[in-house]
Amino acid sequence: MSVLLIEPFYGGSHKQLMDLLQEELQDCVLCTLPAKKWHWKARTSALYFMQTVPTSSNYRILFASSVLNLAELAALRPDLGKLKKVLYFHENQLAYPVQKCQERDFQYGYNQILSCLVADVVVFNSAFNMESFLKSIGKFMKLIPDHRPKDLEKIIRPKCQVLYFPVRFPDVSRFMPEHKLAHLEKVIGVKRNGDSYQSEGLPGQQESRAVMKTSDAHPESGLCEPQPGLCTTQHEGLPSPPAAPVQAEAPESTNPYQGEDKQRLTFNLSNILSGLDYQQRPLHIAWPHRWEHDKDPETFFKVLMKLKEQDLPFYVSVLGETFSEIPDIFSEARKVLGSSVLHWGYLPSKDDYFRALCTADVVISTAKHEFFGVAITSPWWVVIIFPCTKAVPS
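Attention here is on the structure that accompanies the text. This structure is a prediction, so every number in the text was calculated from the model and none was measured.

**Here we look at the sheet that holds strand E4 (residues 84-89)**
Okay, so step 1: Overall, parallel pairing links the 6 strands, which are arranged E2-E1-E3-E4-E5-E6 in an open sheet. Strand pairing shows two members of the sheet lacking a second neighbour, strand E2 (28-34) and strand E6 (160-162), which therefore form its edges. Neighbour-to-neighbour, the strand axes of this sheet turn through a mean angle of 20 degrees, independent of strand direction.
Okay, so step 2: Pairing between E4 and strand E5 (residues 121-124): 4 bridges, direction parallel. Across the sheet, the residue bridging to Leu-87 is Val-122, located in E5.
Okay, so step 3: Seen against the sheet, helix H2 (residues 38-52) touches strand E1 (2-10) and E2 and runs at an angle of roughly 135 degrees to E2.
Okay, so step 4: Set on the sheet, helix H5 (residues 106-118) makes contact with E4 and E5; between it and E4 the angle comes to about 145 degrees.

**Remarks on the state of the cysteines**
Okay, so step 1: Taken as a whole and assessed by the stated rule, the structure comprises 0 disulfides.
Okay, so step 2: Considering cysteine sulfurs only, Cys-116 is the nearest to Cys-160, which forms no disulfide, with 5.8 Å between them.
Okay, so step 3: With relative accessibility at 15%, the residue Cys-160 sits in the buried group.

**A word on helix H14 (residues 350-358)**
Okay, so step 1: The element H14 is extensively covered by neighbouring structure, given that 7 of its 9 residues are classed as buried.
Okay, so step 2: Taken as a whole, H14 has its buried residues at Lys-350, Asp-352, Tyr-353, Phe-354, Ala-356, Leu-357 and Cys-358.

**A few points about the side chain of Ser-2**
Okay, so step 1: Position of Ser-2 among the secondary structure elements: in strand E1.
Okay, so step 2: Not counting chain neighbours up to four residues away, the residues in contact with Ser-2 comprise Asp-27, Val-29, Asn-58, Tyr-59, Arg-60 and Ile-61.

**Concerning the nonpolar core**
A general tendency of soluble globular proteins is for nonpolar side chains to be buried together.
Okay, so step 1: Judged by nonpolar contacts, the single largest core of 34 residues is most densely connected at Leu-4, Ile-6, Leu-62, Ile-113, Phe-133 and Ile-137.
Okay, so step 2: With 18 residues, the next largest nonpolar core counts Ile-285, Trp-287, Phe-330 and Ala-333 among its residues.

**Section: the packing of aromatic side chains**
Okay, so step 1: Taken as a whole, this structure holds 17 aromatic pairs when the rule is applied.
Okay, so step 2: Arranged with centres 6.0 Å apart and planes meeting at 35 degrees, the rings of Phe-63 and Tyr-88 form a pair that is tilted. In this pair, Phe-63 is assigned in strand E3 (residues 59-65) and Tyr-88 in strand E4, connecting sequence segments 25 residues apart.
Okay, so step 3: Given a relative accessible area of 14%, Phe-63 falls into the buried group.
Okay, so step 4: On the accessibility criterion, Tyr-88 (2% relative accessible area) is buried.
Okay, so step 5: Ring geometry for Phe-89 and Phe-124: centres 4.6 Å apart, planes at 25 degrees, overall stacked. Placement of Phe-89 in strand E4 and of Phe-124 in strand E5 is noted, with a sequence separation of 35 residues between them. Like Phe-124, Phe-89 is buried.
Okay, so step 6: Of the aromatic side chains, those joined through ring pairs into one cluster are Trp-287, Trp-291, Phe-300, Phe-301, Phe-330 and Trp-344.
Okay, so step 7: Across from the ring centre of Trp-40, 5.3 Å away, lies the NZ or CZ of Arg-43, which sits over that ring.

**A short note on the pattern of salt bridges**
Okay, so step 1: Per the counting criterion, the structure on display carries 10 salt bridges.
Okay, so step 2: The shortest N-O distance in the salt bridge between Arg-157 and Glu-153 comes to 3.0 Å.
Okay, so step 3: Of the residues examined, Arg-157 reaches a relative accessible area of 30% and is grouped as partly exposed.
Okay, so step 4: Owing to a relative accessible area of 29%, Glu-153 belongs among the partly exposed residues under this scheme.
Okay, so step 5: Of the charged contacts in the structure, one is a salt bridge between Asp-361 and Arg-281, with a shortest N-O distance of 3.5 Å. With a gap of 80 residues between them, Asp-361 in the loop between H14 and strand E12 (362-364) and Arg-281 in the loop between helix H11 (258-273) and strand E9 (283-288) connect regions that are remote in the sequence.
Okay, so step 6: Overall, Asp-361 belongs to the buried group, its relative accessible area being 18%.
Okay, so step 7: Residue classification places Arg-281 among the buried residues on the basis of a relative accessible area of 6%.
Okay, so step 8: In the salt-bridge network here, residues are joined through shared partners; they are Glu-131, Lys-135, Glu-153 and Arg-157.

Rules used throughout
- Residues numbered from 1 in each chain as written.
- Predicted model: local features only at pLDDT ≥ 70, side-chain atom pairs only at ≥ 80, totals over all residues.
- Heavy atoms only, no water.
- Pairing = 2+ DSSP bridges.
- Helix = DSSP H or I, 4+ residues; strand = E, 2+ residues; numbered from the N terminus.
- Axes fitted to C-alpha atoms, helices over the stretch in contact; angles between N-to-C directions.
- Contact = heavy atoms within 4.5 Å.
- Disulfide = S-S within 2.5 Å.
- Buried < 20%, exposed > 50% of the residue type's maximum accessible area, 1.4 Å probe, protein only.
- Core = buried A, V, L, I, M, F, W, Y, C linked by side-chain atoms within 4.5 Å.
- Phe/Tyr/Trp six-rings, centres within 6.5 Å; stacked < 30°, edge-to-face > 60°.
- Lys NZ or Arg CZ within 6 Å of the ring centre and 35° of its normal.
- Salt bridge = Lys/Arg side-chain N within 4 Å of Asp/Glu carboxyl O.

This is the structure in structure tokens:
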């Protein structure tokens, strides 16, 4: 049996899921487009994949994210339309926050509804994601001025199910400060094995394996090669553990501090961790999110700037990917926070990313909205920065 994996936005959690399926499934073909210009991928990727997905009589299942207009692809490629079609929602466009109501583009939500009608199985990464989508269909379709379709929720709901986003647990003990290693051993009861911990004892690992079993994973499977020329190597938020140290290609970014801060990271970490007891050094705050408005960076930085104004000591590491448009608050905060900035920007090296997280004392989310929230809700954080305080919106 051959599984055709299609991802029009191959970056971040979208890439992580496809890479994991690619490793776990015995026989699959992966077709992707780079994680750039999301709106254009949602509009036009079906036409691109119509021309580039190779024809094969071995395909049995088509698995795609909801960025793809599945209805268009099924119509353009009747051979693919005959497959069992599984549509995966990382997010939905009926409930995704926009800066102003009039900015919501009707077409993106409409495309996702059409894709659900064509799909055989519709999978969501959380119950909130599923219910917010299904319960918004009726109100959303009222935007059509007349001759509105009816009962679409009733048609789509029986196809829907929740399958939580699968999370891996890399061994990051070599990056963790000694006090965290000691605390991890004391509280959780895991034992050190040389310079690392026995990963089987880490919280949530068994749940992650169980999720993969429900996804028809094959324990003996090897890697299946993605289609040449269609893949990128970006990651965001929660990277998969590397088999060997590999430098990933950085995404397209307009961050002018990238090279400077990558050097500052190593220097500052060395300074704050040497010669000072961890209880005496300034608090290290991490913000590991996309640099976009729905993560509400304004609230986060206004609080930090207030701390700075009151001369309270702290360090901050602002991580995550940047895309073509960056909210103005980032450049303003960078200037105001000055020497309190420990790191600023995307870290293409997974080792650097883990190292930054492992030194954090507090992880902050000010997100206005999360469908799953891999970077902040996952038990993976227990492994990375335990013990650590998480501050999240209610």
